[in-house]
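Here is what each chain is made of, one letter per residue.
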Amino acid sequence: MPREPLPWGDLRAVKEGRVTWTDVRRGLQQVAAAHGSWAGMPLPLADQQLILEPKYPLAKEVLAVNSVFNALGSDVQTREEHEAREEAKFAGWRNRFWSFRYSSEIIIWNTTDGKIQWGKVPGVHSGTQQLATLGCHDAWDLATEEAAMQTLKRLVPPHIYKMYVMTGQFLETSKRSGVTYVFRRLRPTIAIKADKRTGNMRILCSLCLHPVGYYAGTYAGAMVPTDDVIAHLMLSRGDERLFWARANQHAPYRPEAGI
Amino acid sequence: MTDATEGIAPGECRILNVGAGDLSVSFDKNNVSETIRARRVIKDMIRRGFALLIEVERDGEKRWERAQDFDEATDRYIIADFDPELAAVQDAQQAKPRVDLTEEYQASMAALNDRRTSTRMAIQQAKESEEGTDTDEQGGERAEPAADTGEKEGPEGGAEQAAPQRRNKRGRPPGKRLSGVSAHATRAVAVGRSAGG
């Protein structure tokens, strides 16, 4: 059966008989199409923890794929399993809060021997998340990203599309709420609004939302970056309340906000 | 199901997909099988909790709104038939400002004080006239406050004011008002359930 021409190293891999990430993605899409999963099937990656949305219908199939990558160290969990596993390491959470003094998140927990322990999760910058995001590029396909960019091109004015191509982000203000959204590639969407007293623009929060799933500790979602941007854009236009309800709202000083 | 790379055409629903690029289903009157498949896919996506954003036109302006449901019999997206911005403006116009409530309160308190004053004066006059008059007037005078209570009126002009239209918390009129938008002429984008981030 003739294959479609593959770019660069993938063609060499096919000639040498090696399986590539592209082959795996195509196989997963065939599985998703057979099961009627319209959003597709995310790809588990080695050394990345994939968090799925709680009601994803193909969670078992993704776990089956994950078993193939067990030797590579990939990890797939539903959100409940992820939270349960984190909680199982401790005897129980006591408290966690942000410390402006240390620019870190302070976590306090009980141990099984009855003692109380605490630790700091540094949050001075988002360098860790940014570097981890680089490792997720194997989850995406260039052709898929190009197709998503074409979709975005038809949803925004030409100068906005140019702004996105050149800078990786663009602005749009909601007529309903007056909130200005900064949609960014591979970063949470920033919500900005003018202060009533001073009139100066201030950051409300960062909205992080990934359809289907995302890779923990990164800014990467299961979809290509521009599809995540389209999801944010369409939800903000069509149902802003739902957008804010479904997204995780990060304070601007937290590294998860990506500011 | 077509794999389109161009813009979203009228009658087309673009589904954001994880790995294969954005998939499309279309309501094409010339392609019955594709239309039947589109109905099944749209209905299934709504059942699974997908957010279906469709382009509608209100007052000559195109905007995106979320479809609440899909009518397979008529191929129509069901949307909420109210404009959130207009509802907010109407709510603001119908809501009573705080200064009006203050004036009503002050007016009612002034009327109460007037009644108290008149009653006090009547009692005083009755006491002064007790020296040379009957006590029946005092009893008659005492009945006044009770009569005033029974005839208590609301704020000035309150009875003439028409009751404002009852609205629920979201500013919509009572009852669910939904309307349908033809899927054959509407562009749509479907976004799956999210896992946060």
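Here the structure is shown first, and the text comes after it.
Residues numbered from 1 in each chain as written. Chains lettered and ligands numbered in written order. Predicted model: local features only at pLDDT ≥ 70, side-chain atom pairs only at ≥ 80, totals over all residues. Heavy atoms only, no water.

## Notes on the packing of aromatic side chains
All names here are of chain A.
Stage number 1. Enumeration according to the criterion identifies nine aromatic pairs over all chains in this entry.
Stage number 2. Among the aromatic residues, those joined into a cluster by ring pairs are Y164, F170, Y181, F183 and F243.
Stage number 3. Across from the ring centre of W93, 5.0 Å away, lies the NZ or CZ of R96, which sits over that ring. (Phe/Tyr/Trp six-rings, centres within 6.5 Å; stacked < 30°, edge-to-face > 60°. Lys NZ or Arg CZ within 6 Å of the ring centre and 35° of its normal.)

## Quick word on helix α1 (residues 32–48) of chain B
Residue and element names in this part refer to chain B.
Stage number 1. Taking 1.5 Å per residue as the helical rise, α1 with its 17 residues ought to reach 24 Å, and the 24 Å between its terminal C-alpha atoms agrees with that figure.
Stage number 2. All buried positions along α1 are accounted for by E34, T35, A38, V41, I42, D44, M45 and I46.
Stage number 3. On its buried face, α1 sits against β1 (12–15), β2 (23–26), β3 (51–58), β5 (69–71), β6 (76–80) and β8 (188–191).
Stage number 4. Immediately downstream of α1, the backbone of G49 shows phi near 95°, a positive value. (Helix = DSSP H or I, 4+ residues; strand = E, 2+ residues; numbered from the N terminus. Expected span 1.5 Å × (residues − 1). Buried < 20%, exposed > 50% of the residue type's maximum accessible area, 1.4 Å probe, protein only. Contact = heavy atoms within 4.5 Å.)

## Comments concerning the packing of helix α6 (residues 142–153) of chain A against helix α7 (residues 158–167) of chain A
Residue and element names in this part refer to chain A.
Stage number 1. One can describe the packing of α6 onto α7 by two numbers: an axis separation of 9 Å at closest approach and a directional angle of 150°. As far as their axial angle goes, α7 and α6 are roughly antiparallel. Taken together, the residues of α7 that come into contact with α6 (itself represented by M149, L152 and K153) are Y161, Y164 and V165.
Stage number 2. Of the residues assigned to the contact of α6 with α7, the class counts are five nonpolar, no polar and one charged. (Axes fitted to C-alpha atoms, helices over the stretch in contact; angles between N-to-C directions. Parallel < 35°, antiparallel > 145°, perpendicular 65-115°, else oblique. Nonpolar A, V, L, I, M, F, W, Y, C, P; charged D, E, K, R; others polar.)

## Overview of the pattern of salt bridges
Stage number 1. For the structure shown, the criterion picks out 18 salt bridges over all chains.
Stage number 2. Here D141(A) and R25(A) are joined by a salt bridge, their closest N and O atoms 3.2 Å apart. Here R25(A) lies in helix α2 (residues 21–34) and D141(A) lies in the loop between α5 (127–134) and α6, a separation of 116 residues in the sequence. For the pair shown, D141(A) and R25(A) are each scored as buried.
Stage number 3. A salt bridge links E53(A) to R193(B), with the nearest nitrogen and oxygen atoms 3.4 Å apart. (Salt bridge = Lys/Arg side-chain N within 4 Å of Asp/Glu carboxyl O.)

## Some points on the sheet that holds strand β3 (residues 92–99) of chain A
Residue and element names in this part refer to chain A.
Stage number 1. As summarised here, the arrangement of the three strands in space is β3-β4-β5, forming an open sheet in which the pairing is antiparallel. Looking at strand neighbours, the two that pair on one side only are β3 and β5 (116–122), the edges of this open sheet. Averaged over all pairs of adjacent strands, the angle between their axes in this sheet comes to 20°, without regard to strand direction.
Stage number 2. With seven bridges joining them, strand β4 (residues 104–110) and β5 adopt antiparallel strand pairing. Residue I107 lies in a different strand from β5, and its bridge partner there is G119. (Pairing = 2+ DSSP bridges.)

## What about empty space enclosed by the protein?
All names here are of chain A.
Stage number 1. All chains considered together, the criterion is met by one cavity of 30 Å³ or more.
Stage number 2. Computed from the structure, the largest cavity encloses a volume of approximately 110 Å³.
Stage number 3. As for the largest cavity, its lining consists of 16 residues, and the residues nearest its centre are R184, L186, R187, D228 and H232.
Stage number 4. Of all the elements in the fold, those that place two or more residues in the lining of the largest cavity are β7 (180–184), β9 (201–208) and α8 (225–238).
Stage number 5. With four residues, α8 is the largest single contributor of residues to the lining of the largest cavity.
Stage number 6. Counted by class, the lining of the largest cavity contains nine nonpolar, three polar and four charged residues. (1 Å grid on protein atoms, 1.4 Å probe; cavity = no way out; pocket = protein on both sides within 12 Å on 5 of 7 lines; lining within 4 Å. Points joined across faces, edges and corners; volume = space filled by probe spheres on them.)

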